[in-house]
Structure formats: C-alpha cells, structure tokens
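# Report on the structure
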Amino acid sequence: MVAATKLKMTDISRQKRFETDLSDALTPRHTVGQAVDLYLDRMRIPGDGLRWSAFNRGVKLDSKATLDELDEEQSEWTVIPEVSAGAKSALH
Amino acid sequence: MQVVIENSHRFSSELRRKADLDDVPLSTDDVTQSVADLVDDTYIDGVLSDVLPIGSAEITATIEPVFKTPPLVDEIDVRLRTGGNGSAVEHHKRFKSGRWSRTRQQRLLQLRQEGTLAEGETAFHMLIGLPAAGDHPLQPPALQPPPIIDGTLEQFGFREFGEGGFVPDRPVLVNNRMAEDAVNACLAAGARETGGTALGALVRLKEPLANTTTRIVTLLTTCLEDQRHSGKLNEWSISPEAIAAGQEIADMRGMGESVMTIVHTHGFSTECGNCNQNASCPLAECTHVSLLDYQVMETLFPGKSTLMPIAGRKLGAPGKRPVLEIHAWRGGEMRPVRWKRYQD
Ligand SMILES: [Zn+2]
Ligand SMILES: [Zn+2]
C-alpha cells in the first residue's frame, strides 16, 4: 500500500473539480470530513448543514478516517450531499 | 485560470413592509458574494454558447449594478473578458435573480413562521447597491469548463429527431424513452414523488444543429431508477449511495456518459383526475422549482450547466398526462427551456 499524497475531489457531474497536495491546506492528519469541508469552501458550494459523504469508486469513505489511512488508489473522490428534491417549499 | 473581479459596490437584500426606503427593514442580508457568484453563471453561459474559449489563462469580470433609481438595483450586469493582446473575447449577461433570491424566500418563510409577518401579508423585496468604501475582497468563484466530449450524436445511440424544439444557444436533446418513462413514473406514483438518476453528456459537434447557434448540445440519454431513493408527498429523498452507483453504471456503459442530473416528479393525482385543467389542484406544477430543488442544484449538482427535469402537472397543458419540463440556469435562476426528443 502506497499512502495518498494528493487528493482529487469533484461533484457527481464532474463540473467542480478540486485537486490538492497533502502538504498544503490539508495534511495526512486531517480527516475525510475536513477535506470535504475544504472542497465545499473552495468551490463555493453552500454546505447548508447537510450531511456530506465522499465516495471512492462507489464506496463511501468514513468521514472520521484520517487521510493517512487512505492508499493512493483511494485519492479520487466524488462528494455527495444527502438532499431531497420535491415540491415542498420550506427548508427545515 | 486566474479570475479577477472588478466590483465597486456592496449589495444587500432587504425585506420591508412598505416599498419605501425609509421603512425599517424586516431583514437585511449582505449578498455581495452571491452577486459575485454570477460570474460563474456568465462564464458557463459563454462556454456553452460557444462564445468563450475553453482554457483561457485569465478572465476579468466586471460587475455593475443597473439601477432603477440608486440605490435600488434592477439588474446586475456581468461582463467577462478573456485573454488580451488582440485575441480578447467578451461575453456579458444581465441578471434579475441570484442566490440572494433564494435567501430572500427563506427569510420570508422564517418571518412567517415566527409570526413577524402574518399569513397572507406580503413584504417588499429590494436589492440595494451602495458604493463600497475601500477594499472588500471577493472570493472569485472557481471557473471551470464542464466536461465536453468532441463527437457525434450517433455515438450516443441517436437515430432521429422527435418532437420539440431548441433554445438556439442552449440546445437540449432528450431520449424519447427516458422522457416517456419519466411521465409514466409520475403517473404511476400518483401524489407521491419519485425520480431517478439521469445520465448524459455535453457533446461538441462539428457544426451547430439547424436552428441553433452553438456546437455544444446537452444530451440526456437514460434514467436509472433505484429503490434506495424514497418518495412521499411533496418530497423525494435522494440516496447518495444510489447516485454514486449511477456514476459506476455510466462508466461501465463505456459511452462517455456521466451523471448529469436527477429527474424527479411533482406528483399527479388520480383523485382530482384533471390536474392540467384544475387550477385548485393542490399539487405543485412541473414549472415550479422549489427551494428544495434549488438546494439540490446548488449542492448535489453545483455546475451551472446542469439541467433539472421535473415531471408533473402543468396548468393549461392538453390531456390528462403529466408533462416533462426541463429547467436550465438562465438569468440567475432555473427556468423552463424548450427541448427536443430523439429516438435511439
Ligand atoms: Zn421539485
Ligand atoms: Zn390534480
């Protein structure tokens, strides 16, 4: 296993892409959840208090896992929130 | 890409009981950053309409309010310039809406809920633009072109055109089977909402199609249903696992498709039996993009080239079947656009 040294994150439609080395704003000691927060901030995506998950090849990553637990093949993520569509107008 | 924003105003979104600047505001939100985010809308519009080159190293964006009477803003003008030395390209758009329009709707709901505004009482919205004293750095949005595939419609299984038409600078083609499935799923689910993950691609053709002005066509090819999504009245919960699985399926199909968006329904009632004609039918129309829908667009699909197909009733539409309406980002909000079917 080779530890990941960089991260690539994107939304599901691959339109907001962010790439960073794990020596900059993120280090191997940061968690998956913290990496997702950085992605949202840099891409100007409103977090909205939603629950966000990072997926690697269809598999959800543990948001509390630290980045040094990931191997190189797990360094490309799709970032997906838990949301609802529909006619309802009020946000709760 | 380096993005420079030239802006000399601060913007705030205010709600008042009276359409009078002397009236004390019910709410005030600084929305300067949401105004700056319109640079992204303008950029994607320029890319999709084939005006702005992909891969320019530098873009300068100028934001100017267009006043009704200062400080009341009517529209926001966003002007983009790429490159320099003779090859400069300009693209500009005007906006009456932006993220502040959704913030304002949320405020309005809050004011109703807490009783500050009585049910049925209206509030006046004003977008205020004041000259900014000194420097106030804005975070430029990350401008990235969406993934566009150089190719032909045939490589995605296109055989012939069906009904419908195009917006000249934003042509949208939808697989006929997918469109029929969405209408049938809406009908079968009744008042309960349902939906699926839509696959497709942005394709750059050699020449624009007839009656269009851009080579870039948005193609919606198929819709994947998944039991992990769950629907009820007025709300359809999207499963992140199912969405992620959709991407795996798109990759396996090997045609270069990606997850483009979700299709969802706004219900169709067998009880009223006349949803397209009955003005007092309680179900929302497919032309209505709710705050929940906007939240999906701004978080799950944050790219401004994303479409939102909604099936449901449409007042005045002929017949007793749901209608599929497709919304695209236009003028800072999602608006229904004309689209065309194709057969595979
Ligand atoms: Zn909806
Ligand atoms: Zn009805």
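### Some words on the overall build of chain A
Of the regular secondary structure elements, chain A holds 1 helix and 6 strands. Scanning chain A from its N terminus toward the C terminus, one meets helices and strands in the order β-β-α-β-β-β-β. Along the first, second and third principal axes, the C-alpha atoms of chain A reach 45 × 25 × 25 Å. Across the 92 residues in chain A, those meeting the buried criterion constitute 50%. When contacts within chain A are restricted to residue pairs at least 6 apart in sequence, long-range pairs at least 24 apart make up 60% of them. Summed over its atoms, the accessible surface of chain A is roughly 4,500 Å², and 44% of this surface lies on carbon and sulfur atoms.

### Focus: the overall build of chain B
A count of helices and strands for chain B gives 6 helices and 19 strands. For a compact globule of 344 residues, the expected C-alpha radius of gyration is about 20 Å, and chain B comes in at 21 Å, within 12% of that figure. The C-alpha extent of chain B, read off along each of the three principal axes, is 60 × 60 × 35 Å. Burial analysis of chain B (344 residues in total) assigns 56% to the buried set. A fraction of 71% describes how many contacts in chain B between residues 6 or more apart in sequence connect residues 24 or more apart. Here chain B displays about 14,600 Å² of accessible surface, and carbon together with sulfur accounts for 48% of that area. Between the centroid of the 35 positive side chains of chain B and the centroid of its 45 negative side chains there is a distance of 4 Å.

### Some remarks on the interface of chain B and chain A
Taken together, the contacts link 51 residues of chain B with 34 residues of chain A. Here chain B meets chain A over a buried area of about 3,900 Å², counting both sides, of which 53% is carbon and sulfur. In this structure, the connection of chain B to chain A is made through 5 salt bridges. The salt bridge involving A:Lys88 is made with B:Glu235; its shortest N-O contact spans 2.8 Å. Where chain B touches chain A, the interface holds 23 residue pairs in polar contact (both at pLDDT 80 or more). Looking at the side of chain B that touches chain A, the elements that each hand over two or more residues are helix H3 (99-113), strand S14 (235-237), helix H5 (240-253), strand S15 (258-265) and helix H6 (291-299) of chain B.

### Some thoughts on the packing of H3(B) against H6(B)
Two quantities define a packed helix pair, namely the angle between the axes and the distance from one axis to the other. All names here are of chain B. Where H3 meets H6, the closest approach of the two axes is 11 Å, and the angle between their N-to-C directions is 140°. Compared by their axis directions, H3 and H6 come out oblique. In this structure, the crossing between H3 and H6 has a hand that is left-handed. Contacts between H3 and H6 involve Arg99, Arg102, Gln105, Gln106 and Leu109 from the former and Leu291, Tyr294 and Glu298 from the latter.

### A closer look at the coordination of the zinc ion (ligand 2)
Residue and element names in this part refer to chain B. Within the first shell, the zinc ion (ligand 2) binds the protein through Cys272 (SG), Cys275 (SG) and Cys281 (SG), at distances of 2.2 Å. All donors of the zinc ion (ligand 2) belong to a single chain; written as a sequence motif, their spacing is C-x2-C-x5-C. For Cys281, a relative accessible area of 6% gives the class buried.

### Description of the sheet that holds strand S3 (residues 52-56) of chain A
Read from one edge of the open sheet, 5 strands run S2-S1-S5-S3-S4 (chain A), paired in mixed fashion. Looking at the sheet topology across the chains shown, the edges are occupied by strand S2 (17-21) and strand S4 (59-60) of chain A. Summarising the sheet, S3(A) and strand S5 (residues 76-81) of chain A pair through 4 bridges and their orientation is antiparallel. Paired with A:Trp52 across the strands is A:Pro81, a residue of S5(A). Contacts from H5(B) reach S3, S4 and S5 of chain A, with the element oriented near 140° to S5(A).

### Some words on the coordination of the zinc ion (ligand 1)
All names here are of chain B. Coordination of the zinc ion (ligand 1) by the protein comes from His264 (NE2), His266 (NE2), Asp293 (OD) and Asp293 (OD), over a distance range of 1.9 to 2.4 Å. Taken together, the 4 donor atoms coordinating the zinc ion (ligand 1) and their angles of 59 to 163° define a geometry best described as irregular. When the donor residues of the zinc ion (ligand 1) are listed from N- to C-terminus, their spacing reads H-x1-H-x26-D. On the criterion of sequence distance, the pair formed by His264 in strand S15 and Asp293 in helix H6 is long-range, its members being 29 residues apart. Here His264 matches Asp293 in class, with each residue buried.

### Examining the sheet that holds S14(B)
Read across the open sheet, the 3 strands follow the order S6(A)-S14(B)-S13(B); overall the sheet is antiparallel. The open sheet is flanked by strand S6 (84-85) of chain A together with strand S13 (230-232) of chain B, the only strands paired with a single partner. The pairing of S13(B) with S14(B) spans 3 bridges and is classified as antiparallel. Bridge pairing in S14(B) places B:Gly231 opposite B:Trp236.

### Here's the deal with the pattern of salt bridges
Following the criterion strictly, the structure yields 32 salt bridges over all chains and no others. Notably, a salt bridge pairs B:Arg215 with B:Asp50, separated by 2.8 Å at the nearest N-O pair. Here the residue B:Arg215 occupies a position in the loop between strand S11 (195-204) and strand S12 (216-224), and B:Asp50 occupies one in the loop between helix H2 (38-48) and strand S4 (58-69), the gap between them amounting to 165 residues. B:Arg215 sits in the partly exposed class, given a relative accessible area of 30%. Note that B:Asp77 is salt-bridged to B:Arg94, the shortest N-O span being 3.2 Å. Of the two residues, B:Asp77 sits in strand S5 (residues 72-82) while B:Arg94 sits in strand S6 (residues 89-95), which places them 17 residues apart along the sequence. Here B:Asp77 falls in the buried class, since its relative accessible area comes to 7%. On the basis of relative accessible area, B:Arg94 is assigned to the partly exposed category, the value being 43%. One continuous salt-bridge network, built from bridges that share partners, spans A:Arg44, B:Asp37, B:Arg99, B:Arg102 and B:Glu298.

### Here's the deal with the state of the cysteines
Here, disulfide denotes a covalent bond that connects the sulfur atoms of two cysteines. Residues and elements named next belong to chain B. Throughout the structure, instances matching the rule amount to 0 disulfides over all chains. Just so you know, Cys186 is unpaired, no disulfide at all, and the nearest cysteine sulfur is the one on Cys286, 8.3 Å from it. A relative accessible area of 0% places Cys186 in the buried class.

### Digging into the confidence of the model for chain B
Residues at a pLDDT of 70 or more form 98% of chain B, whose mean pLDDT is 94. Our summary of model confidence lists the complex with pTM equal to 0.95 and ipTM equal to 0.94.

Calculation rules
Residues numbered from 1 in each chain as written. Chains lettered and ligands numbered in written order. Predicted model: local features only at pLDDT ≥ 70, side-chain atom pairs only at ≥ 80, totals over all residues. Heavy atoms only, no water. Helix = DSSP H or I, 4+ residues; strand = E, 2+ residues; numbered from the N terminus. Buried < 20%, exposed > 50% of the residue type's maximum accessible area, 1.4 Å probe, protein only. Contact = heavy atoms within 4.5 Å. Areas by Shrake-Rupley, 256 points an atom, 1.4 Å probe, with all protein chains shown as cover. Rg over C-alpha atoms; globule rule 2.2 N^0.38 Å. Lys, Arg positive; Asp, Glu negative; His and termini not counted. Charge placed at Lys NZ, Arg CZ, Asp CG, Glu CD. Buried area = accessible area lost by both parts, 1.4 Å probe. Salt bridge = Lys/Arg side-chain N within 4 Å of Asp/Glu carboxyl O. Polar contact = N/O pair within 3.5 Å; in protein donor to acceptor, adjacent residues only side chain to side chain. Axes fitted to C-alpha atoms, helices over the stretch in contact; angles between N-to-C directions. Parallel < 35°, antiparallel > 145°, perpendicular 65-115°, else oblique. Left-handed = near helix turned anticlockwise from the far one by under 90°. Donors = N, O, S within 2.8 Å, 3.2 Å for Na, K, Ca; no water. Pairing = 2+ DSSP bridges. Tetrahedral: all angles 85-135°; square planar, octahedral: opposite > 155°, others 65-115°. Disulfide = S-S within 2.5 Å. pLDDT = per-residue confidence, 0-100.

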